[in-house]
Amino acid sequence: MAEIKEMRPVETTFQPYISANQNLAEFTPRAILLGGFFGILFGAVTVYVGLRAGLTVSASIPIAVLSISILRAFGKATILENNIVQTAGSAGESVAGGVIFTIPALIFLGFPMEIQRIFLLALVGGWLGVFFMIPLRRQLIVKEHGNLLYPEGTACADVLIAGDRGGSFASRVFMGLGLGGLYTLFQNENLFGSWTSSPAYNPSWLPGGSIRGNTTSEYLGVGYIIGPRIAGVIFAGGVFAWLVVMPAIKFFGGHLTQPLYPGTMLISNMSSDDMWKAYIRPIGAGAVAASGLITLLKTTPTIIAALRAGAKDLAKGAAAAASEKRTDNDLSLKVALGGVVLVLLMIWAMLTFKPVPGTQTGFFANVAAAIFIVIFGFLFVTVSSRITGLIGTSSNPISGMAIATLMATCAVFLVLGWTAAAYGALAITIGGVVCIASANAGNTSQDLKTGFLVGATPRNQQLALLIGVFISVIAIGYTLQGMNKALEQFRSFPARTIDVDHLPVGVELQKSGFDRERVRVTNDANQVVEEPGSKYMVLNSLGSSDLPDGKYLYNPQTKQIEVQWIQGIGGEKAPAPQARLMATIISGILNHRLPWGLVLIGVFMVIGVELLGIRSLSFAVGFYISIGTTLVMFVGGVIRWLVERNMAKAGELVEDSEVSAGSLYASGLIAAGGIVGLLGIGVKLLEDRNIIKPGALIMEFTKDPTISKIIAVITCAALAYSLYYFARKPLEEAPRK
């Protein structure tokens, strides 16, 4: 990576598209309502796609495109109104990204993920990101206009300006929504399930290896947007895990007569999924942690420059730099500081009066946690905002900042002797809020850059961001909890006698009584049997050499573990790699429960990847998540490569990736997969409550698994061709004024 040099801020005389002297409709009720709706929609979609794919994509441009079309249908709308819509709406996407990277770690640590807690953590983190950015706007957005480009924010401004001149991009997004939605309706296993959603091939000539593809529209769209380079590196990680490391484990360990830790069964009896869970995940956790820290270290010059610039700007005072111009009208520094104090009080009150069940901490610990959040929050908000300006949102090392926060927090806790389970939950609270604040700060910077270019009023944008965060966190919390509930499975577990009064190390009694009236258990014959939930106790295993990580239902009458409770979040359908990594770090530092040999293999693996000049974070994420995800994303990246290659051959201008025909259609595919996928989650929840008969919507085309796989491949290929076709079809150009 090229060295990032610190540049001196250059005062700009830039003239925005709408001058400071013009007073157009901006902060209107319809703009806030539509922005709030998009915040809810894209916040939920980001949770769904992010938990499944392990990464997120910016929502500002698709929201801006849709806003232009929708508001135009209700009469003349100003460019400033459309900017408010995308500002408020994109807050949902950025907050959701920070939430899914951290908060699900509570599940892996054995704690419940309550809706009120998700709401509060997302709210305080999102608001903290906005409040910290208020005094930094003039430094980062105005004074360094020529140095910090904010690529997504600049591209979004181009879309808004083109729309104001009469251009229309919405048809391409709606086309992706329509075709992607129809495809997902038949493909999703929770809806029609007309063919297998994840065709797989386990080659007999490569024991332990597996090739599969989760043929969703959102993965195809994500792959197109991130491009062939990143998609290829991510897929390379998957290939190395599933077609190199796992077959090697099978080859060298297949003769063992005892389970190899952290596995709890013989390698010779393990399927590819079993090896992925037992061995690939710990290696991947070490790889993602190391690559996140490496990415953070690479940006050290930027971090130092950001802190110096932020300190100088705060020393001058926001009021001293302000003017009477509309385009310089920020919320006051008093509001920003008051907001930070309010957030501090909310965090302290939550930890004191509404702690995670079973994790009561003292007054001093709660005050220390609040102080940690402010210190790390301001540090990484400043860093996130500047890095976003230099290299864009997609390259912002949010997970690396969260890892650094957690490691520093856990190190302090270790010195103080705070190693009980309660402090693990406290650590993820600190890391979660900082991660959410950093993610939203990067998005806030992009939005303020867009506003600076089009001539928006900063004060109105900052208010819209605060409102957008407040509205969207409700949808984010319910989506997170709904996915965990709808995707969960109860599977019969080989009967195992265990003494609940003398549990193995790493296994804890979580509940003396299960709070479900009925439990739908899938037995070895793949038949569903209902069992009364009240007869079970809940055990949680984390870092045990006797039981794989997860939750189990223990029957005190038979004194045996009878059912494995597979959480919806953390399974193959929603792996949540970053959140599991956070739990691994906390458990490893505080409880010393880590398979360090595997973790260190992951660390040195990414060091080798870095020495090859490859971005290790993308490779590490690809290694960690299922190859079924990375393969389809790679297909999307290949389509992008084919489109740009053929355009170059034809002598056509290769458009900016953020606003090209293909990226808009791909955004529609992502939104379609998320929206219809969430509909499937809703159907599953209704089935669990016996409101809908299980499988009532299923419309299988064939019972033959081979034919079903062929149909899956053909239909996914057809959708991929539609992406290529619409990416090659030019957009309608906006007439020049």
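Residues numbered from 1 in each chain as written. Predicted model: local features only at pLDDT ≥ 70, side-chain atom pairs only at ≥ 80, totals over all residues. Heavy atoms only, no water.

Chemist: Lay out the overall build of the chain with the relevant residues and their values.
Modeler: Regarding its fold elements, the chain presents 23 helices and nine strands. Its C-alpha atoms put the chain at 80 × 60 × 55 Å along the principal axes. Partitioning the intrachain contacts of the chain with sequence separation of at least 6 by distance along the chain shows that 82% fall at a separation of at least 24. Accessible area for the chain stands at about 28,800 Å²; split by element, carbon and sulfur atoms hold 64% of it. (Helix = DSSP H or I, 4+ residues; strand = E, 2+ residues; numbered from the N terminus. Contact = heavy atoms within 4.5 Å. Areas by Shrake-Rupley, 256 points an atom, 1.4 Å probe, with all protein chains shown as cover.)

Chemist: I'd like to hear about the environment of Leu-678, residue by residue, with values.
Modeler: Residue position: Leu-678 is located in helix α22 (residues 661-688). Between the C-alpha atoms of Leu-678 and Gly-482, which are 196 residues apart in sequence, the distance is 9.0 Å. Excluding its chain neighbours within four sequence positions, the residues that come into contact with Leu-678 are Ala-44, Val-45, Tyr-48 and Thr-479.

Chemist: Break down the nonpolar core for me, citing the residues and quoting the values.
Modeler: Across soluble globular proteins, you tend to see nonpolar side chains buried next to one another. Of all hydrophobic cores here, the largest spans 196 residues; its most connected members are Leu-51, Val-99 and Leu-480. Look past the residues within four positions of Leu-480 in its chain and what remains in contact with it is Val-47, Leu-51, Val-99, Ile-100, Pro-104, Met-113, Ile-118 and Ile-569. (Core = buried A, V, L, I, M, F, W, Y, C linked by side-chain atoms within 4.5 Å. Buried < 20%, exposed > 50% of the residue type's maximum accessible area, 1.4 Å probe, protein only.)

Chemist: Can you explain the pairing of strand β7 (residues 537-541)? Please cite residues and give values.
Modeler: Counting buried positions over the five residues of β7 gives five, a clear majority of the element. Both faces of β7 are covered, namely the face carrying Met-537, Leu-539 and Ser-541 and the face carrying Val-538 and Asn-540. Both β7 and strand β8 (residues 550-555) contribute to a ladder of five bridges, which runs antiparallel. Paired with Asn-540 across the strands is Lys-551, a residue of β8. (Pairing = 2+ DSSP bridges.)

Chemist: Outline the confidence of the model for the chain, listing residues and values.
Modeler: Looking at the chain as a whole, its pLDDT mean stands at 84, while 90% of the residues score no less than 70. When the elements of the chain are averaged for pLDDT, helix α12 (residues 318-321) gives the smallest value, 46, and helix α23 (residues 705-728) the largest, 95. Low pLDDT, under 50, characterises residues 1-12; the predicted model gives this stretch 21 contacts beyond four residues in sequence or across chains. (pLDDT = per-residue confidence, 0-100.)

Chemist: Quick one: what's the story with the packing of helix α5 (residues 115-133) against helix α17 (residues 458-486), residue by residue and with numbers?
Modeler: α17 packs onto α5 with a crossing angle of 155 degrees between their chain directions and a minimal axis gap of 9 Å. One way to sum up the angle between α5 and α17 is to call them roughly antiparallel. Of the two possible hands of crossing, α5 and α17 adopt the one that is right-handed. Between α5 and α17, the residues in contact are Ile-115, Ile-118, Phe-119, Ala-122, Leu-123, Gly-126, Trp-127, Val-130 and Phe-131 and Gln-462, Leu-465, Leu-466, Val-469, Phe-470, Val-473, Ile-474, Gly-477, Tyr-478, Leu-480 and Gln-481, respectively. Class assignment of the residues belonging to the contact of α5 with α17 gives a composition of 16 nonpolar, four polar and no charged. (Axes fitted to C-alpha atoms, helices over the stretch in contact; angles between N-to-C directions. Parallel < 35°, antiparallel > 145°, perpendicular 65-115°, else oblique. Left-handed = near helix turned anticlockwise from the far one by under 90°. Nonpolar A, V, L, I, M, F, W, Y, C, P; charged D, E, K, R; others polar.)

Chemist: Can you explain the side chain of Gln-461? Please cite residues and give values.
Modeler: Note that Gln-461 resides in helix α17. Given a relative accessible area of 1%, Gln-461 falls into the buried group. In terms of polar contacts, Gln-461 uses its side chain to reach the side chain of Thr-87, at 3.1 Å. The residues touching Gln-461, leaving out its near neighbours within four places in the chain, are Asn-83, Ile-84, Thr-87, Asp-447, Leu-448, Gly-451 and Ala-456. (Polar contact = N/O pair within 3.5 Å; in protein donor to acceptor, adjacent residues only side chain to side chain.)

Chemist: Let's hear about unusual backbone geometry: which residues, and what values?
Modeler: Pro-262 follows Tyr-261 through a cis peptide bond whose omega is 5 degrees. One non-glycine residue, Lys-559, lies in the positive phi region at around 60 degrees. Relative to the assigned elements, Lys-559 resides in the loop between β8 and β9 (560-566).

Chemist: Could you give me a rundown of the side chain of Ser-663, with the residues and numbers involved?
Modeler: Structurally, the position occupied by Ser-663 is in helix α22. Separated by 3.0 Å, the side chain of Ser-663 and the backbone oxygen of Ser-660 make a polar contact.

Chemist: So what's going on with the environment of Asn-82? Residues and values would help.
Modeler: Mapping Asn-82 onto the fold places it in helix α3 (residues 79-102). Beyond its immediate chain neighbours, meaning those up to four positions away, Asn-82 contacts Ser-67, Ile-68, Leu-71, Ala-77 and Leu-160.

Chemist: Please give an account of a nonpolar patch on the surface that cites residues and values.
Modeler: Together, Trp-596, Leu-600, Phe-604, Ile-607 and Leu-611 make up an exposed nonpolar region whose accessible area comes to about 560 Å². Its place among the elements puts Phe-604 in helix α19 (residues 596-611). (Patch = residues over 30% accessible without salt bridge, like charges linked within 9 Å, V, L, I, M, F, W, Y side chains within 5 Å. Salt bridge = Lys/Arg side-chain N within 4 Å of Asp/Glu carboxyl O.)

Chemist: Account for the packing of aromatic side chains, naming residues and giving values.
Modeler: With the rule as written, the count across this model stands at 31 aromatic pairs. Ring geometry for Phe-38 against Phe-42: centres 6.1 Å apart, planes inclined by 55 degrees, an arrangement best described as tilted. Here the residue Phe-38 and the residue Phe-42 both occupy positions in helix α1 (residues 29-53), the gap between them amounting to four residues, near one helical turn. For Phe-38, a relative accessible area of 2% gives the class buried. Each ring, one from Phe-235 and one from Phe-634, has its centre 4.8 Å from the other, and the planes form 15 degrees; the classification is stacked. (Phe/Tyr/Trp six-rings, centres within 6.5 Å; stacked < 30°, edge-to-face > 60°.)

Chemist: Describe the packing of α3 against helix α18 (residues 577-590), and please don't skip the residues or the numbers.
Modeler: Across the interface, α3 lies against α18 with an axial gap of 5 Å and an inter-helix angle of 45 degrees. When the interaxial angle is binned, α3 and α18 end up oblique. For the pair α3 and α18, the contacting residues are Ile-100, Phe-101 and Thr-102 in the first and Gln-578, Ala-579 and Met-582 in the second. The class makeup of the residues in the contact of α3 with α18 is four nonpolar, two polar and no charged.

Chemist: How would you sum up the environment of Asn-329? Please name residues and give values.
Modeler: Positionally, Asn-329 belongs in the loop between α12 and α13 (333-353). By relative accessible area, which is 33% here, Asn-329 ends up partly exposed. Placed 128 residues apart in sequence, Asn-329 and Thr-457 show a C-alpha to C-alpha distance of 6.3 Å. Ignoring any residue separated from it by four or fewer positions in sequence, one finds Asn-329 in contact with Thr-457, Pro-458 and Arg-459.

Chemist: How would you explain the pairing of β9 if you had to name every residue and give the values?
Modeler: With six bridges connecting them, strand β3 (residues 489-497) and β9 associate as antiparallel partners. The residue bridging Arg-491 from the neighbouring strand is Gln-564, located in β9. Across five bridges, the pairing between β8 and β9 is antiparallel. Each residue of the ladder has a partner; that of Tyr-552, found in β9, is Gln-564. Two successive antiparallel strands, β8 and β9, enclose a turn made up of four residues, where Lys-559 displays a positive phi of approximately 60 degrees.

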